[in-house]
Amino acid sequence: EPVVDDILMDSDIEAIPEAPNDSVVDDLDDLLFTARRERDEYLDLSRRVQADFENYKKRMVRQQTDNLERAAEDLVTKVLPVLDAFDLARAHLGDGDDLSDEGKALVAGSTLLADTLNREGLERIGVAGEPFDPTTHEAVDHAPADTGAEGDEAAPAGPVVDEVLRAGYRWKGRVIRPAMVRVRG
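Residues numbered from 1 in each chain as written. Predicted model: local features only at pLDDT ≥ 70, side-chain atom pairs only at ≥ 80, totals over all residues. Heavy atoms only, no water.

If you tally the helices and strands in the chain, you get two helices and six strands. Starting at the N terminus and walking to the C terminus, you meet the elements of the chain as α-α-β-β-β-β-β-β. Every one of the 185 residues in the chain was classed for burial, and the buried ones make up 16%. Sequence-distant contacts in the chain: of pairs separated by 6 or more residues, those separated by 24 or more amount to 70%. (Helix = DSSP H or I, 4+ residues; strand = E, 2+ residues; numbered from the N terminus. Buried < 20%, exposed > 50% of the residue type's maximum accessible area, 1.4 Å probe, protein only. Contact = heavy atoms within 4.5 Å.)

Our focus in this paragraph is the nonpolar core. Listed in full, the 10 residues of the largest apolar core are Val76, Val79, Leu80, Leu83, Leu117, Leu122, Ala167, Tyr169, Trp171 and Ile176. Those elements that place two or more of their residues in this core are helix H1 (22–93) and strand S4 (168–171). Looking at which element gives the most residues to this core, the answer is H1, with four residues. (Core = buried A, V, L, I, M, F, W, Y, C linked by side-chain atoms within 4.5 Å.)

A few words now on the sheet that holds strand S3 (residues 160–166). The strand order across the open sheet built from three strands is S2-S6-S3, with neighbouring strands paired in mixed fashion. Each edge of the sheet is formed by a strand with only one pairing partner; in this case those strands are strand S2 (137–143) and S3. Adjacent strand axes in the sheet meet at a mean angle of 35°, parallel and antiparallel pairs treated alike. Note: S3 against strand S6 (residues 179–184), five bridges, orientation antiparallel. Bridge assignment links Val161 to a residue of S6, and that residue is Val183. (Pairing = 2+ DSSP bridges. Axes fitted to C-alpha atoms, helices over the stretch in contact; angles between N-to-C directions.)

All right, on to unusual backbone geometry then. The phi torsion at Lys172 lies on the positive side, around 50°, for a residue other than glycine. You can see Lys172 is positioned in the loop between S4 and strand S5 (174–177).

A separate point is the sheet that holds S5. As summarised here, the arrangement of the three strands in space is S1-S4-S5, forming an open sheet in which the pairing is antiparallel. Looking at strand neighbours, the two that pair on one side only are strand S1 (122–125) and S5, the edges of this open sheet. Strand-to-strand twist across the sheet, computed as the mean angle between neighbouring axes with direction ignored, equals 35°. Taken together, the three bridges between S4 and S5 define a ladder with antiparallel strand orientation. Opposite Tyr169, over in S5, you have Arg177 as the bridge partner. Relative to S4, H1 is tilted by about 155°, and along the sheet it contacts S1, S4 and S5.

As structure tokens, this is what we get:
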């Protein structure tokens, strides 16, 4: 038989309110507002850190590329005396077909080196007859201007390159050594 003391009576249970307490609702609203604000702050921080990291990666790639280009330019600058020596040897050998085997090998090696550097971005500057340009030519000698014979057309206006004494070079669009020239006019 049930014991009467163990059974709760309806009169012993306090009445449960129908609506939650207003202060609890206000506390929950405040907590929700704070949680949303913190979430937005962390999301914004996360986006800024991600953008900073992307910018850092781009800057590092740019710096590495610049360092490689400077190193390549430095190497090419150190090779220019070798090209000059090949130019002098070729001028001494001439353009004849009567070259010895050693002369042919020297010309082939010279051409191979020049072509390889040309494909990588080295451009030879300085051609006799072109207008003198102080940004690409270094004038070391001067020849008088041709006056021209009767009936000939007049000499070109302005100074021109009469002879290239030492070739100049441009690396990837930038002059790394101006051509040493004799100027006429």
